[in-house]
Amino acid sequence: MRKKIVAGNWKMNLTSEEAILLFDQVSEKISNQKSVDVMVFPPSIFISELAKKSNSSIQIGIQNFYPKDKGAYTGEISISQVKNIGATHVLIGHSERRAYFNETELFLKEKVDIALEYQVGIVFCCGEPLEIREANQEMTYVKKQLEDSLFHLSSDDLEKCIIAYEPVWAIGTGMTASIAQAEEMHKSIRSWIAEKYDKNTANSISILYGGSCNAANANELFACPNVDGGLIGGAALDAEAFLNIIHSF
Ligand code: 13P
């Protein structure tokens, strides 16, 4: 059964005091939340402290890591260190990392493989830039992103992944994908998984929408049959807005 998930990607925002306050404000209000899995991806330097908070119903993930076991990689964080500080999930393939840090499909594949080896949950991001959408090439583009970094997995391993569709033109722009655009892509992603694997696998994977998702549009987006939740950027930095999104199901 696919899960309903609302995840907040805090990106490179907040002081440690602000991060703790935001985390506490959200976790206080969702302690009895059962129907939706809630996850946050804080800047890595805040994770240890947040993960130590007991009784929390929020899962904590990391925004980035380096796909080597350990060694001389100054400034990087390994997947075992990620686990060690209490993060249970990793973001892989976010468009900002693809664009600003030149993370290639092959590099993302390495990240996927090592995260699975260490049994850390994956939220794999895909999504097309504006020029690709304008050229009506978004289906081919997103399918290739999945084929190149994810579709080498066994169905058992693929089922451990969450997919987030984040059209690049909708990220931080206030320009959300329409309900029809979101549903069309999510349905296609599920059908590609069904073609490559089988229907059961396709139906067991949660596919989240990301890109200017907020308290005003989450309800409509989450009502789409193939949208299982959201990966939220800006609106996840405000406890009330994030809670409203969680309660949009
Ligand atoms: P916004 O919600 O700010 O558009 O960001 C989406 C995102 O990139 C989440 O990973």
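Parameters at a glance
Residues numbered from 1 in each chain as written. Predicted model: local features only at pLDDT ≥ 70, side-chain atom pairs only at ≥ 80, totals over all residues. Heavy atoms only, no water. Buried < 20%, exposed > 50% of the residue type's maximum accessible area, 1.4 Å probe, protein only. Helix = DSSP H or I, 4+ residues; strand = E, 2+ residues; numbered from the N terminus. Pairing = 2+ DSSP bridges. Contact = heavy atoms within 4.5 Å. Core = buried A, V, L, I, M, F, W, Y, C linked by side-chain atoms within 4.5 Å. Expected span 1.5 Å × (residues − 1). Near = heavy atom within 4 Å. Polar contact = N/O pair within 3.5 Å; in protein donor to acceptor, adjacent residues only side chain to side chain. Areas by Shrake-Rupley, 256 points an atom, 1.4 Å probe, with all protein chains shown as cover. Nonpolar A, V, L, I, M, F, W, Y, C, P; charged D, E, K, R; others polar. Phe/Tyr/Trp six-rings, centres within 6.5 Å; stacked < 30°, edge-to-face > 60°.

Caption draft 1: How the structure looks around the pairing of strand S2 (residues 37–41). In terms of burial, S2 is a largely internal element, 4 of the 5 residues being buried. Across 3 bridges, the pairing between S2 and strand S3 (residues 58–62) is parallel. When the bridges of S3 are listed, Val 38 appears paired with Ile 58.

Caption draft 2: Structural view of the environment of Ile 47. Mapped onto the secondary structure, Ile 47 falls in helix H2 (residues 47–52). Among all residues touching Ile 47, those that are not within four sequence positions of it are Pro 42, Ile 60, Gly 61, Ile 62, Ile 85 and Ala 87.

Caption draft 3: Just the nonpolar core, in detail. Among the nonpolar cores identified, the biggest contains 68 residues, and Val 90, Leu 150 and Ile 189 are the most heavily contacted of them. Sorting elements by how many residues they give to this core places helix H12 (residues 239–246) first, with 6 residues. Leaving out residues up to four positions away in the same chain, Leu 150 has contacts with Val 112, Phe 124, Leu 158, Cys 161, Ile 163 and Tyr 197. Phe 41, Leu 91, Cys 125 and Leu 231 belong to the second-largest nonpolar core, a separate cluster that totals 11 residues.

Caption draft 4: Quick look at helix H9 (residues 179–196). If you check H9, its first and last C-alpha atoms are 26 Å apart, about what 18 residues at 1.5 Å a residue would give, namely 26 Å. Along H9, the residues classified as buried are Ala 182, Glu 183, Met 185, His 186, Ser 188, Ile 189, Arg 190, Trp 192 and Ile 193.

Caption draft 5: Main features of the site of the ligand. As a structural note, the neighbourhood of the ligand is formed by Asn 9, Lys 11, His 94, Glu 166, Ala 170, Ile 171, Gly 172, Gly 211, Ser 212, Leu 231, Gly 233 and Gly 234. Between an oxygen atom of the ligand and a side-chain N or O atom of Lys 11, the distance comes to 2.7 Å. Protein coverage of the free-state accessible area of the ligand, which is 310 Å², stands at 94%. Per-class residue counts for the shell around the ligand are 3 nonpolar, 7 polar and 2 charged.

Caption draft 6: Quick look at the packing of aromatic side chains. The full count for this structure, using the stated rule, is 6 aromatic pairs. Note on Phe 151 and Tyr 197: the rings are 5.8 Å apart at their centroids and 85° apart in plane angle, and the pair reads as edge-to-face. Of this pair, Phe 151 sits in the loop between helix H7 (138–149) and helix H8 (155–158) while Tyr 197 sits in the loop between H9 and helix H10 (199–204); the two residues are 46 residues apart in sequence, bridging distant segments of the chain. Grouping residues by exposure puts Phe 151 and Tyr 197 together as buried.

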